[in-house]
Every structure is written in structure tokens, then in C-alpha cells.
Amino acid sequence: MNRIMKKSIAILTGGGPAPGINTVIASIAKVFLKDGYKVIGIHEGYKGLFAYKPSITVFDFITCDKIMNQGGSFLHMSRHKPKNNEFRTDFFVKNNVKLLVTVGGDDTASTANRIAKFLSENNISIQNIHVPKTIDNDLPLPEGSPTFGYQTAKETGVKIAATVYEDARTSGNWFVVSAMGREAGHLAFGIGAACHYPMIIIPEMFDKARISFDRIINLIISSILKRKILRINYGAVIISEGVFHFMTNTEIEATGINFTYDDHGHPELGNVSKAHIFNMLLQRKLKELNINVKSRPVELGYELRCVIPTAFDLLYCSLLGIGVKQLFDQGKTGCMVTSDPKGDIAPLYLKDVEDENGKVKPRLVDINCQKSQLVFRNNLHFIYERDYEAAKQFVKNPEEFDFFKILNWD
């Protein structure tokens, strides 16, 4: 009599870490273990999945319980994006895998769909469900639903940024803070607004003007001038690194920074502090204007990715993990799991959020919503027309630093 092989599910994590990954993994594993499934964790993402000797962990309840509230990822991560000729069926057949769970961004999700199609063509039936993850909050989830890890990263960023601001006040200096964010400014905006930073610069605010280093530096100086008029000799600005996404290599290289270059000849921005670039350009311009202001760079990035999840993400990630089982039992596949502010679980299919080229359009900060406009127009410090006369004691041409003129805002 042939022994029936136990059904299993496989979990992998792709991209970079975000707070709550272990909570997602543990919650998925616990709920499937309860139903008698074998739960296999694959190390090194897709690279591990298609390795000839994959490194795996077979989860039990005790392991899940240990990692549930930890930062980082128990499963080693990888950004490897496999080509179609790397796909193989043996892991899925050998382990009787019925579900592939991927935790990552849109690239990780789209690769899972490609794998599922390949397996189907080889007569292997498998569901795939994706758990969307990024501290950048830029995946197009339903209104009011953040990407997991964002709230924790923001809260950690606020603690650091508030300390930086206190240093500015104490020492009478300015700080130039850069925050992660691929092409969206959610993290910089959330941190800057919470800390009452006098200047927040994100890509979305350039909806009527092209992003350039000149405009960014002039916005910082606008805030410095306004604070001088107010007799405040310190301050801080936070800038989303997403502004680099909209600049050419020529513009970036013109900063004078010594870059390393990738195989395609592009400057490797990951090897240099973006805050350092902005601060260097600011210091150059201040010297040209003969304005004596000291400023220091601070980078907010890797410090935010592996912290212990806050209560929000602990619960949110638990719901997403349990939600994977709910969607699996409903027969859903090729989808992302979402949880709305009420905690209700629903599938979101990539085909519904992809453009004509198969690329997922990022969720940007809505610069025209009331929250954004309240912060930008009322909670920042900058000069505009009525400040020109007072600003002339510091610069000859104050209109160059007019917030509304820089952005072409009304």
C-alpha cells in the first residue's frame, strides 16, 4: 500500500527586510500546522528555491513562537530574480507543495505568478499567494491599508528624527536628513510631519515643476531664511531619496561625488549617503550666498528595516498571515493578501494594479489631499512674497527662494 505524502506549503522572502516579516511567517506557519500541513521555509528567496540543494527550515510551533515578535527575517532574504530557464519542478514534486507563499514587493509577486504558470504547464497544480511588504508604503493596496512594516519604520524614524531635531536646537545647527523611499515620499512625509520639521521635500510635491538639485537646495535655503527672519538659528529638513529616481545620471554625476558604477554604467547610489550629497550641495550654495550656517547629514535607511515591530504591525502582520490561510481555503491564487482597516481579508490581483507593460504602478503621496496641503502650507517654514523685504538682509534675490515659485504652486 502506497503511503500518501503529507501536503506542504513553502514560504520564501524576497527583496529587503521590513519589520513584521517574522510575524507574517510565524502566523502563516501556525495556522497551517494546526491543519496538519508541513510548513517549509526556504532560505535565500528564489535563489534558494531553485538551488540543487536548497537550504530549508521545517517549521514547528516552538520555532514560530520564538520568532513571532522578532525583527529581521528568520528566512534569509535575496533579491535574486530568476529567469525562466532556471525554473524546475523537483522541489514542488518532492515535497508535495500545494501553496507557495511569497513575502516581498511587486517583483517577488510577479515572479511567483511566472512560476505558477510554469508549474501548470508541467501539470503541477499549485496555488500562490503573496504578502506585500515594504517600509516605503508604495504598493497600491486598498485605501487606508499601509504596507506592513511602514508604521514601525515610521515610528522608529520619528524617534531618531526627533532626537536629531533636539540636537539642532541644542547646538544651533541644521541637519539634512534623508529617508528611504524608492520613488514615493511616504516615509519622509510621515516622519517629517510628525516631528514638525520646518521643511519636507518629497518627489510628489514637484507636480508642477521638474525635480532638480537646484530646486531642492533652494527649498532648504527658503526654510533657513524664514527661520532667520523668525530669529530661529537651527532647524532640520527631511528629504525622500525618491527624488533621485527622477534625475538623470548626468545631473547626479554633476554633484561632484565620487561614485562607483554598476555593470550598465549607472552611479551606484546605494554606496553613498544621499544626505551627504544634499548637505554638500547645500554648503556650497550657502557659501556662495555668504550665509554662515552649519549643517550635518543624517541618513535614515537601514536602521529602520529590522527593528522589532510595533503593536500595529504585530497585529496587522498576524492578520495577513492568517489571511493567507483563508484565501488558500477559498481556492484563491495569483493574488496578494490584504487586510483593510476593519481587519477584513480580501485578495488583490496583480493584473488589477499593473500597467500595460506589466509593471505595478506605485502608490504615491496624494499631494493634493487635505492632510498633505495642511502640512505643506501651514506646518513648514519657508519664505514667500510677504517675506521678501525681511529676507533681503540675508540674500539679494529672495524671490529665488520663494517656496511657491520654486514649485510653481498657486
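In what follows, the structure referred to is the one given above.
Reading the values: rules and limits
Residues numbered from 1 in each chain as written. Predicted model: local features only at pLDDT ≥ 70, side-chain atom pairs only at ≥ 80, totals over all residues. Heavy atoms only, no water. Helix = DSSP H or I, 4+ residues; strand = E, 2+ residues; numbered from the N terminus. Expected span 1.5 Å × (residues − 1). Buried < 20%, exposed > 50% of the residue type's maximum accessible area, 1.4 Å probe, protein only. Contact = heavy atoms within 4.5 Å. Core = buried A, V, L, I, M, F, W, Y, C linked by side-chain atoms within 4.5 Å. Phe/Tyr/Trp six-rings, centres within 6.5 Å; stacked < 30°, edge-to-face > 60°. Lys NZ or Arg CZ within 6 Å of the ring centre and 35° of its normal. Salt bridge = Lys/Arg side-chain N within 4 Å of Asp/Glu carboxyl O. Pairing = 2+ DSSP bridges. Axes fitted to C-alpha atoms, helices over the stretch in contact; angles between N-to-C directions. Parallel < 35°, antiparallel > 145°, perpendicular 65-115°, else oblique. Left-handed = near helix turned anticlockwise from the far one by under 90°. Nonpolar A, V, L, I, M, F, W, Y, C, P; charged D, E, K, R; others polar.

1. Digging into helix H1 (residues 21-34)
Given a rise of 1.5 Å per residue, 14 residues ought to cover 20 Å, and the 20 Å separating the end C-alpha atoms of H1 matches this to within 8%. Most of H1 sits inside the fold, with 11 of its 14 residues counted as buried. Within the sequence span of H1, burial applies to Ile21, Asn22, Thr23, Val24, Ile25, Ala26, Ser27, Ile28, Ala29, Val31 and Phe32. Packed against the buried residues of H1 are strand E1 (8-13), strand E2 (38-42), helix H3 (61-67), strand E4 (97-104), strand E5 (127-132) and helix H11 (311-329).

2. What about the nonpolar core?
Among the nonpolar cores identified, the biggest contains 112 residues, and Met205 and Phe403 are the most heavily contacted of them. Discounting chain neighbours no more than four positions away, the residues touching phenylalanine 403 are Met199, Met205, Leu219, Ser222, Phe376, Leu380, Phe382, Ile383 and Trp409. Grouped together as the second largest cluster of nonpolar side chains are 18 residues, Leu12, Leu100, Phe118 and Ile126 included.

3. Some words on the packing of aromatic side chains
Summed over the entire model, instances satisfying the criterion amount to 21 aromatic pairs. Taken together, a centroid distance of 5.8 Å and an interplanar angle of 70° make the contact between tyrosine 165 and tyrosine 234 edge-to-face. One end of the pair, tyrosine 165, is in helix H6 (residues 150-171); the other, tyrosine 234, is in the loop between helix H8 (213-229) and strand E8 (235-240), and 69 residues separate them in sequence. The same class applies to tyrosine 165 as to tyrosine 234, namely buried. In this structure, arginine 88 is placed above the aromatic ring of tyrosine 52, and the distance from its NZ or CZ to the ring centre is 4.0 Å.

4. Focus: the pattern of salt bridges
Applying the stated rule across the entire model yields 17 salt bridges. Here arginine 182 makes a salt bridge to aspartate 136, at a shortest N to O gap of 3.8 Å. Placement of arginine 182 in the loop between strand E6 (174-179) and helix H7 (186-194) and of aspartate 136 in the loop between E5 and H6 is noted, with a sequence separation of 46 residues between them. The exposure class assigned to arginine 182 is partly exposed, which follows from its relative accessible area of 43%. Note that glutamate 400 and lysine 285 form a salt bridge whose closest N and O atoms lie 3.2 Å from each other. Pair noted here: glutamate 400 is in the loop between helix H13 (388-391) and helix H14 (403-407) and lysine 285 is in helix H10 (residues 274-288), with a separation of 115 residues, a long-range link. Lysine 285 gets classed as buried once you look at its relative accessible area, which sits at 16%. Through salt bridges with shared partners, a single ionic network connects Asp35, Lys325 and Asp329.

5. Points about the sheet that holds E8
The sheet built from four strands is open, its strands ordered E7-E8-E6-E9 with parallel pairing. With one partner strand each, in any of the chains shown, strand E7 (199-201) and strand E9 (295-300) form the two edges of the open sheet. Adjacent strand axes in the sheet meet at a mean angle of 20° when their direction is disregarded. Pairing between E7 and E8: three bridges, direction parallel. For isoleucine 200, the partnering residue across the bridge sits in E8 and is isoleucine 238. Packed on one face of the sheet, H10 meets E6, E8 and E9 and runs near 160° to E9.

6. Considering the sheet that holds E5
Across the sheet, which stays open at both edges, the seven strands sit in the order E3-E2-E1-E4-E5-E10-E11 with mixed pairing between neighbours. Looking at strand neighbours, the two that pair on one side only are strand E3 (56-58) and strand E11 (345-349), the edges of this open sheet. This sheet shows a mean twist of 30° between the axes of neighbouring strands, independent of strand direction. Where E1 meets E4, six bridges bridge the pair, whose relative direction is parallel. Paired with isoleucine 9 across the two strands is leucine 99, which belongs to E4. Each of E1, E4 and E5 is contacted by helix H5 (residues 106-121), which is oriented at about 180° to E5, the strand it contacts most. Strands in contact with H11 are E4, E5, strand E10 (335-339) and E11; relative to E10, the strand with the most contacts, it is inclined by about 130°.

7. Some details on the environment of lysine 38
Mapped onto the secondary structure, lysine 38 falls in strand E2. Contacts of lysine 38, omitting those with residues within four sequence positions, involve Lys6, Lys7, Ser8, Ile9, Val58 and Asn95.

8. Remarks on the packing of H6 against H7
For any two helices packed against each other, one specifies the crossing angle of their axes together with the interaxial distance. Where H6 meets H7, the closest approach of the two axes is 9 Å, and the angle between their N-to-C directions is 45°. Here H7 runs oblique to H6, going by the angle between their axes. The handedness of the crossing between H6 and H7 comes out as right-handed. Of the residues in H7, those in contact with Tyr150, Ala153, Lys154, Gly157, Val158 and Ala161 of H6 are His186, Leu187, Gly190, Ile191 and Ala194. In terms of residue class, the contact of H6 with H7 is built from seven nonpolar, three polar and one charged.

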